[in-house]
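Here is what each chain is made of, one letter per residue.
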Amino acid sequence: MSSRVSRILVATVILCAATAAGARQPPITVSELEQRINALVNGEQRARSLKPLDLDQDLSKIARAHSQDMANRGFFNHVNPEGETPRDRLRRAGYSCPKTTGENIFQNNLYSRVTISGDRKSYDWNSLGQIAGSTVGGWMHSSGHRQNILNRAYRKTGIGAAIATDGQVYVTQVFCG
């Protein structure tokens, strides 16, 4: 069976399962989510008369890889199970920050609630805007994360998201100054 046919079958099964569950999940793409989060973070910067952070694609790849690692292996931490820190990940990728680095992580969900009635499940799905907004809102209500976002020493950022099979959304933001 060709890979295209396999993908169509998997997509059909997922669509049928969602329809059977009475769910209408809004479309969420990782790249759109990352862009929306970046726009909201830079909105926080502008609201305080700070220069917006430059989005760096290499930093975004590093951030996305960490989010995907957390989603794949089911952990949520700045340090992976092998003990690799954010700075270690930057070094491994060959990325150098001249002065300082930082990292924010956030765990979100595609849905806010599941209602089970007999063998039927229905979901209260979060929109892309809700996921992005609650992620940045969560960071801004946490002193350490807020400090990273508003730190004038940082000039570049990378944002990476990953969606786990259970609907958890992992977001990593890497800072470089």
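Here the structure is shown first, and the text comes after it.
All values derive from a computational prediction rather than experimental measurement.

Engineer: With reference to specific residues and values, describe the side chain of T135.
Structural biologist: Considering the arrangement of structural elements, one finds T135 in helix α5 (residues 128–140). When residues no more than four places from it in sequence are discounted, the contact partners of T135 are I37, F106, N108 and V171.

Engineer: Break down the nonpolar core for me, citing the residues and quoting the values.
Structural biologist: Core analysis: the largest hydrophobic core is formed by 23 residues, its most contacted members being L33, I37, V41, W139, I149 and V171. Secondary structure elements with two or more residues in this core: α2 (30–47), α5, α6 (143–150), β5 (156–163) and β6 (168–176). Per-element accounting of this core gives the leading share, six residues, to α5. If we ignore the near neighbours within four places in the chain, the residues touching L33 are L128, I131, A132, A161 and V169.

Engineer: Go over the sheet that holds strand β2 (residues 101–109), please, and point to the residues and values.
Structural biologist: Hydrogen bonds between backbone groups are what pair the strands of a sheet, and the pairing can be parallel or antiparallel. In spatial order, the strands read β1-β5-β6-β2; together these four strands make up an open sheet with mixed pairing. Whereas interior strands pair on both sides, the edge strands pair on one side only; in this sheet they are β1 (54–55) and β2. In this fold helix α3 (residues 57–73) packs onto β1, β2, β5 and β6, with an angle of close to 30° to the strand it touches most, β5. On top of the sheet, α6 reaches β2 and β6; it is set at about 125° to β2, its chief contact.

Engineer: Which residues make up the pairing of β2, and what values do they have?
Structural biologist: β2 sits mainly inside the fold: seven of its nine residues count as buried. In this structure, β2 lies alongside β6, joined through nine bridges in antiparallel fashion. Paired with Q107 across the two strands is Y170, which belongs to β6.

Engineer: Run through the pattern of salt bridges, naming residues and quoting values.
Structural biologist: Per the stated rule, a full pass over the model turns up eight salt bridges. A salt bridge links R92 to E84, with the nearest nitrogen and oxygen atoms 2.6 Å apart. The shortest N-O distance in the salt bridge between D124 and R113 comes to 2.7 Å. Highlighted residues: D124 in strand β4 (residues 120–125) and R113 in strand β3 (residues 111–117), separated in sequence by 11 residues. For D124, a relative accessible area of 31% puts it in the partly exposed group.

Engineer: Outline the packing of α2 against α5, supporting the account with residue identities and numerical values.
Structural biologist: α5 packs onto α2 with a crossing angle of 40° between their chain directions and a minimal axis gap of 9 Å. When the axis of α2 is compared with that of α5, the two are oblique. Relative to α5, the crossing made by α2 is right-handed. Residues E32, L33, R36, I37, L40, V41 and E44 of α2 form the contact with α5, whose own contacting residues are L128, G129, I131, A132, G133, T135, V136, W139 and M140. When the residues that make up the contact of α2 with α5 are grouped by side-chain class, the tally is 10 nonpolar, three polar and three charged.

Engineer: Would you mind going over the packing of aromatic side chains in detail, with residue names and values included?
Structural biologist: Under the criterion given, the structure shown has six aromatic pairs. Plain terms: the ring middles of F76 and Y170 are 6.5 Å apart, the flat faces sit at 45° to each other, and that makes the pair tilted. Of this pair, F76 sits in the loop between α3 and α4 (86–92) while Y170 is found in strand β6, placing the two residues 94 residues apart along the sequence. Given a relative accessible area of 37%, F76 falls into the partly exposed group. Residue classification places Y170 among the buried residues on the basis of a relative accessible area of 3%. Ring centres of Y123 and W125 lie 4.8 Å apart, and the angle between their planes is 25°; this geometry places the pair in the stacked category. Members of the aromatic cluster, joined through ring pairs, are Y111, Y123 and W125.

The rules behind the values
- Residues numbered from 1 in each chain as written.
- Predicted model: local features only at pLDDT ≥ 70, side-chain atom pairs only at ≥ 80, totals over all residues.
- Heavy atoms only, no water.
- Helix = DSSP H or I, 4+ residues; strand = E, 2+ residues; numbered from the N terminus.
- Contact = heavy atoms within 4.5 Å.
- Core = buried A, V, L, I, M, F, W, Y, C linked by side-chain atoms within 4.5 Å.
- Buried < 20%, exposed > 50% of the residue type's maximum accessible area, 1.4 Å probe, protein only.
- Pairing = 2+ DSSP bridges.
- Axes fitted to C-alpha atoms, helices over the stretch in contact; angles between N-to-C directions.
- Salt bridge = Lys/Arg side-chain N within 4 Å of Asp/Glu carboxyl O.
- Parallel < 35°, antiparallel > 145°, perpendicular 65-115°, else oblique.
- Left-handed = near helix turned anticlockwise from the far one by under 90°.
- Nonpolar A, V, L, I, M, F, W, Y, C, P; charged D, E, K, R; others polar.
- Phe/Tyr/Trp six-rings, centres within 6.5 Å; stacked < 30°, edge-to-face > 60°.

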